[in-house]
Amino acid sequence: MEKTKPFIITKQLVLDAYKLVKMNAGSAGVDQQSIADFEVKLKDNLYKLWNRMSSGSYFPPPVKAVPIPKKTGGERILGVPTVSDRIAQMIIKIMFEPKVESYFHRDSYGYRPNKSALDAIEITRKRCWQYNWCLEFDIKGLFDNISHQLLMKAVRKHTDDKLSLLYIERWLKAPMQMPDGGLTERTKGTPQGGVISPILSNLFLHYVFDSWMCREYKKVKWCRYADDALIHCKTEQRAQLLLINLESRFKECGLELHPTKTKIIYCKDVNRKKSYPETRFDFLGYTFKPREVLNRKDNKIFTTFSPAASDKAIKAMRAKTKEQNFGRRVELNIEDIARLYNPVLNGWINYYGHYNRSSLDKVFRHFNKTLIRWAMRKYIKLTTKTKATKFILQVNKDRPKLFAHWNIGIIGDVA
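Worth saying up front: this structure is predicted, and the values here are computed from it rather than measured.

### As for the side chain of Asn202
With respect to the secondary-structure elements, Asn202 resides in helix H9 (residues 197-216). For Asn202, a relative accessible area of 2% puts it in the buried group. Filtering out sequence-adjacent residues up to four positions away, Asn202 remains in contact with Phe104, Ser108, Gly110, Tyr111, Arg112 and Arg224.

### Regarding unusual backbone geometry
Even without glycine at this site, Tyr111 takes up a positive phi of about 55 degrees. With respect to the helices and strands, the residue Tyr111 is situated in the loop between helix H4 (83-101) and helix H5 (117-130). At Ala226, a position not held by glycine, the phi torsion is positive, near 60 degrees. Residue classification places Ala226 among the buried residues on the basis of a relative accessible area of 6%.

### So, the pattern of salt bridges
If charged atoms from side chains of opposite charge come close, those side chains can pair. Per the counting criterion, the structure on display carries 14 salt bridges. Between Lys126 and Glu122 there is a salt bridge, with the nearest N and O atoms lying 3.5 Å from each other. Of this pair, Lys126 and Glu122 both sit in helix H5, four residues apart, which is roughly one turn of that helix. In this structure, Arg249 and Glu252 form a salt bridge, with 2.8 Å as the shortest nitrogen-oxygen distance. Within this pair, Arg249 and its partner Glu252 are both found in helix H10 (residues 236-252), separated by three residues, close to a single helical turn. Residue class for Glu252 comes out exposed when judged on its relative accessible area of 58%. One network of salt bridges, in which partners are shared, links Glu122, Arg125 and Lys126.

Criteria and thresholds
- Starting from 1, residues in each chain are numbered consecutively following that chain's sequence as written.
- Local features are withheld for residues below a pLDDT of 70 in this predicted model, meaning they are given only at 70 or higher, and side-chain atom pairs are given and counted only at 80 or more; totals for whole chains, interfaces and linings count all residues.
- Only hydrogens and water are removed before side-chain values are computed, so all heavy atoms of the structure are retained for them.
- In this text, helices come from DSSP runs of H or I with a minimum length of four residues, and strands from runs of E with a minimum of two, each type numbered from the N-terminal end.
- Using a 1.4 Å probe on the protein chains alone, a residue whose accessible area is under 20% of its type maximum counts as buried, one over 50% counts as exposed, and one in between counts as partly exposed.
- Any two residues having at least one pair of non-hydrogen atoms within 4.5 Å are treated as being in contact.
- Whenever a carboxyl oxygen of Asp or Glu lies within 4 Å of a side-chain nitrogen of Lys or Arg, that contact is scored as a salt bridge.

Quick look at the structure:
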């Protein structure tokens, strides 16, 4: 007869957690075990995890430190748990998330069910039209500097479940294995890359920022996506005062605002004539700035403050195309390229094409030129760029839905 476990975890919950982890994919942790490796003995591995977690004897292995280059230079450390540990974290996330989700503010958009980055872009777009000034701030190294003491205080406020409390605390303290193999003890922070980390960081910032804003600045509008946030103000003076108080608040909670990514912006448009050094900001891959648009009612040009894909995002998309190197893959036919790359193109169109789709013209033009280079290498008769261009244009005419951007009527300049 099987002994009663001190903690109740159903085997179905373990299986559900595994399926979610598999869906999210991800690389191997310190044990070098991939999801495919884990699945070789899937039943045994899931049973062992259930048995250890249910008995309270599960201790998380070290988190693998993976340096990731930043677009702005330097690097950030991504913490990659093992596959087994990701499943364990998913189990607790499934149990813990419903207990806190309903408390989160409607203007907190990051890592939340039924909310997206595009939702944050849309509300920001509307509020930039309503308010002249915007305070943009970024928290320096949020995931590395969260106070364990303050975070656990917040966790205990929302649950008395001993299982969740036990393992969340163990994950916070799990060491990080650096690239040289050395172990670094952690006294603060929660690894960026962990399954449980996003909801813990959201909970922490809910009390550090969201609730504080609702308490101290009830009428002020703001929007937060993880550690990136914007506050809308009627006057520059209000924005400056709020910045001072915000710096003090974060310092009080062990956090620091990023000195170069935190600034006050004037949302300049046709009706806002003031001269100010900062009239643009980047948020979630979009650049908000004054743009000239055509008023279709009277056919006149006017200036509006609106979003479009940022230069950094466009550069990253072009780099992705170059990285795939399909321009040299002569073993592929054009249908193969479409099948392999359309999911990527659709992703760009759906996200970056949501506002000011024409900003993606550079990306699609670059993609089409890569197709031309592929055609020149693939077919002996296409000896010149002119011939290869005519070939791609003819394919576009005959099969306008072959590529995702062709399907929405964008062929771009391929010359």
